[in-house]
Amino acid sequence: MQFQKDIEILAPREKVWKFIWDVDQFISCMPGCKEAKTVEEGKRYTATMVEKVGPFKVEFPTTIEILEKEELTHIKAQASGADNKIGSRMKIELDVSLKGEGDKTTLSFVAGVDILGKLAALGHGIIKRKADQVLDEFTQAVKQRLEGDA
Amino acid sequence: MLRRFRLEEPESVKEASEVLGRFGESAKIYAGGTELLLTMKEGLVHYEHLVNIKKVGLNQIKRDNGVIKIGALCTHHQLESSPELQKSLPAFVQMEHNVANVRVRQAGTIGGNLCFAEPHADPGTLLIALGAKLVAAKGSSQREITAEDFFVDAYETSLEPDELLTDIQVPEANRGVAYLKFGYLERPSVGVAVALGAGDGKQYIGDIKIAVGCAGPAPKRMADAEALLRGKSREEATRNLPKAGEIAGRAAQALSDLHGSQEYKEHIVGVLLKRAFHSALSQC
């Protein structure tokens, strides 16, 4: 599943960049994401993703690895996790890019998400819709947090 | 494989509701089990308590003062073979006859089907078009929920955690009703229901209800598409059908999946709406 989302933020690029690397703040914008920890500053992080569709609940202990980093411009990351209770795995490849000048920044997310295992039985459409909702809530929370602090 | 659970066997609706209230999220109603046990065997969900409600009654079909009351524990087979329903709601009987397969129809209940709210299910769509009300009980109190308000999202209903669906109430009316579905897997890709009355010497479309299911996360009533047809002459309504189909297709919130792409499902909504409209109108 491919996702793309661009958000305009009324904040300078430096502030947005700094916010992304404040792991506690950044992760707290992600619905269902908890227990974020830094394993190796700037390179490796862990968190737990909890999501629910009707009676179906998943909990993915997730490792996030930063694959590429270009100061103030681009981050490429990979997240993967498994829920052994329901026998499902998740893998996300994420490209985050920042553009803009002055007090405006365009933050772009491009994500490739793979869900494997029994959870896939819920159907591609339902899972994609849920992921869309999560990404919408996440980007709105990032925008609000950054603009609210302006 | 099924993990261990405790089987609770209440003997009344009140007792079942109390059991649900006591155990909260660790308990689930067990009726036919055709959806629930599959997901439990797959390990997708687990409940420590299954509340078997087969001893609480709720398996009658009655006519009462212009309303057909269907107990939530009626199996699909009971509904497809009911002479009472065949007389009063033949389109509902036809829909039930085509639910899943004979094994599911023997064990699966109408209440279980509605409460599980699997997006690719038939009954909810037709019940919305029929203007049905669903009766939910909690302790000794009851409330009515319209079928269109019952479905919240995929696998989600407006029932509270300790509420039980007890009855489905369908108003009797002089109307034409059609439910059509299309799919190439066992579950349908799209289902469309139309219920309409013909007014003024049968030359005009009277009240009309349209519902679309399976395409999106939950069945939905299509009020904007209905407005293009309600009160119109047969000819004008027929001319408006393609537009009504387009509007209903978009409003269905169709999702791309193994059952078809969003665009394909939207197109099929229009095709089925046209056929269901003419089928319902021919019965008036």
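Scoring rules and cut-offs
- Residues numbered from 1 in each chain as written.
- Chains lettered and ligands numbered in written order.
- Predicted model: local features only at pLDDT ≥ 70, side-chain atom pairs only at ≥ 80, totals over all residues.
- Pairing = 2+ DSSP bridges.
- Helix = DSSP H or I, 4+ residues; strand = E, 2+ residues; numbered from the N terminus.
- Axes fitted to C-alpha atoms, helices over the stretch in contact; angles between N-to-C directions.
- Contact = placed C-beta atoms within 7 Å.
- Domains from an automatic or database assignment.
- Nonpolar A, V, L, I, M, F, W, Y, C, P; charged D, E, K, R; others polar.
- Left-handed = near helix turned anticlockwise from the far one by under 90°.
- pLDDT = per-residue confidence, 0-100.
- Core = buried A, V, L, I, M, F, W, Y, C linked by C-beta atoms within 7 Å.
- Buried ≥ 20, exposed ≤ 12 C-beta atoms within 10 Å, placed from the backbone.

A.B. asks: Quick question: what am I supposed to make of the sheet that holds strand E4 (residues 56–70) of chain A here?
C.D. replies: Residues and elements named next belong to chain A. In spatial order, the strands read E1-E7-E6-E5-E4-E3-E2; together these seven strands make up an open sheet with antiparallel pairing. With partners counted over all chains shown, the strands left at the sheet margins are strand E1 (2–9) and strand E2 (33–40), one partner each. On average, each strand axis in the sheet is inclined to that of its neighbour by 20°, with strand direction left out of account. Two strands pair when backbone bridges link them, and E2 and strand E3 (residues 44–53) are joined in this way by five bridges, in the antiparallel orientation. Residue lysine 37 lies in a different strand from E3, and its bridge partner there is threonine 46. Each of E1, E3 and strand E7 (105–117) is contacted by helix H3 (residues 124–148), which is oriented at about 20° to E1, the strand it contacts most.

A.B. asks: What is the right way to read the pairing of E3(A) from this model?
C.D. replies: Residues and elements named next belong to chain A. From the end of E2 to the start of E3, which pair antiparallel, there are three residues, and glycine 42 there has a positive phi angle of about 75°. The pairing of E3 with E4 spans 10 bridges and is antiparallel. Within the sheet, the bridge partner assigned to valine 53 lies in E4 and is phenylalanine 56. Linkage of E3 to E4, two consecutive antiparallel strands, is achieved through a turn of two residues, within which glycine 54 is found at a positive phi near 55°.

A.B. asks: I would appreciate a short explanation of the domain arrangement of chain B in the present structure.
C.D. replies: When the parts of a complex come together, some accessible area is lost, and that lost area is often taken as the interface size. Residue and element names in this part refer to chain B. One can read the domain layout of chain B as domain 1 (6–52), domain 2 (61–171) and domain 3 (176–282). For domain 2 versus domain 3, the separation of C-alpha centres amounts to 20 Å. Of the residues lining the interface, 19 residues belong to domain 2; the matching set on domain 3 comes to 22 residues. Residue assignment for the side of domain 2 that touches domain 3 shows that the elements contributing at least two residues are helix H5 (90–97), helix H8 (123–129) and strand E8 (151–153). The leading source of residues in the side of domain 2 that touches domain 3 is H8, at five residues. Across the side of domain 2 that touches domain 3, the residue classes tally to 12 nonpolar, four polar and three charged.

A.B. asks: Sorry, what's going on with the interface of chain B and chain A here?
C.D. replies: Across the boundary between the two partners, chain B contributes 14 residues, which contact 13 residues of chain A. The residue makeup of the side of chain B that touches chain A, split by class, is nine nonpolar, two polar and three charged.

A.B. asks: Before we go on, may I ask you to explain the sheet that holds strand E13 (residues 204–213) of chain B in this structure?
C.D. replies: Sheet strands associate in pairs through backbone hydrogen bonding, adopting either a parallel or an antiparallel arrangement. Residue and element names in this part refer to chain B. Spatially, four strands are ordered E11-E12-E13-E14 in an open sheet, and the strand pairing comes out antiparallel. The open sheet is flanked by strand E11 (176–182) and strand E14 (220–221), the only strands paired with a single partner. One ladder, built from two bridges, connects E13 with E14; its direction is antiparallel. Each residue of the ladder has a partner; that of valine 212, found in E14, is lysine 220.

A.B. asks: For this particular structure, what's the right way to read the packing of helix H11 (residues 234–251) of chain B against helix H12 (residues 262–282) of chain B?
C.D. replies: Packed helices, taken two at a time, are described by their axes: the angle between them and the distance between them. All names here are of chain B. Put simply, H11 and H12 touch, their axes get as near as 8 Å, and they point 145° apart. Where H11 crosses over H12, the two elements pack in a sense that is right-handed. Facing Arg234, Leu241, Pro242, Ala244, Gly245, Glu246, Ala248, Gly249 and Arg250 of H11, the residues of H12 in contact are Glu266, His267, Val269, Gly270, Leu273, Lys274, Phe277 and Leu281.

A.B. asks: Help me understand the confidence of the model for chain B in this model?
C.D. replies: Detailed reading of the predicted coordinates is not advisable wherever pLDDT is low. The predicted model of chain B averages 95 in pLDDT, with 99% of residues at 70 or higher. Interface predicted TM-score (ipTM) for the complex: 0.78; the corresponding pTM is 0.90.

A.B. asks: I'm lost on the nonpolar core in this one. Help?
C.D. replies: Looking at soluble globular proteins, one finds that nonpolar side chains tend to be buried together. Among the nonpolar cores identified, the biggest contains 102 residues, and B:Val192, B:Ala193, B:Val194, B:Ala248, B:Val269, B:Leu273 and B:Ala276 are the most heavily contacted of them. The element that contributes the greatest number of residues to this core is H12(B), accounting for eight residues. What B:Ala193 contacts, discounting residues up to four positions off in sequence, is B:Thr125, B:Leu126, B:Ile128, B:Ala129, B:Tyr179, B:Ala211 and B:Ala276. Counting residues in each nonpolar core, the second largest holds eight residues, with A:Ala11, A:Val16, A:Leu98 and A:Leu146 among its members.

A.B. asks: Explain unusual backbone geometry to me, please; I cannot follow it from the model alone.
C.D. replies: Glycine aside, negative phi is the norm for most residues, and most peptide bonds take the trans geometry. In this structure, A:Leu72 takes a positive phi of about 65° despite not being glycine. Tracing the backbone through its elements, the reader meets A:Leu72 in the loop between E4 and strand E5 (74–83). C-beta crowding within 10 Å serves as the criterion here: with 13 such atoms nearby, A:Leu72 is assigned to the partly exposed category. Even without being a glycine, B:Leu58 presents a positive backbone phi close to 60°.

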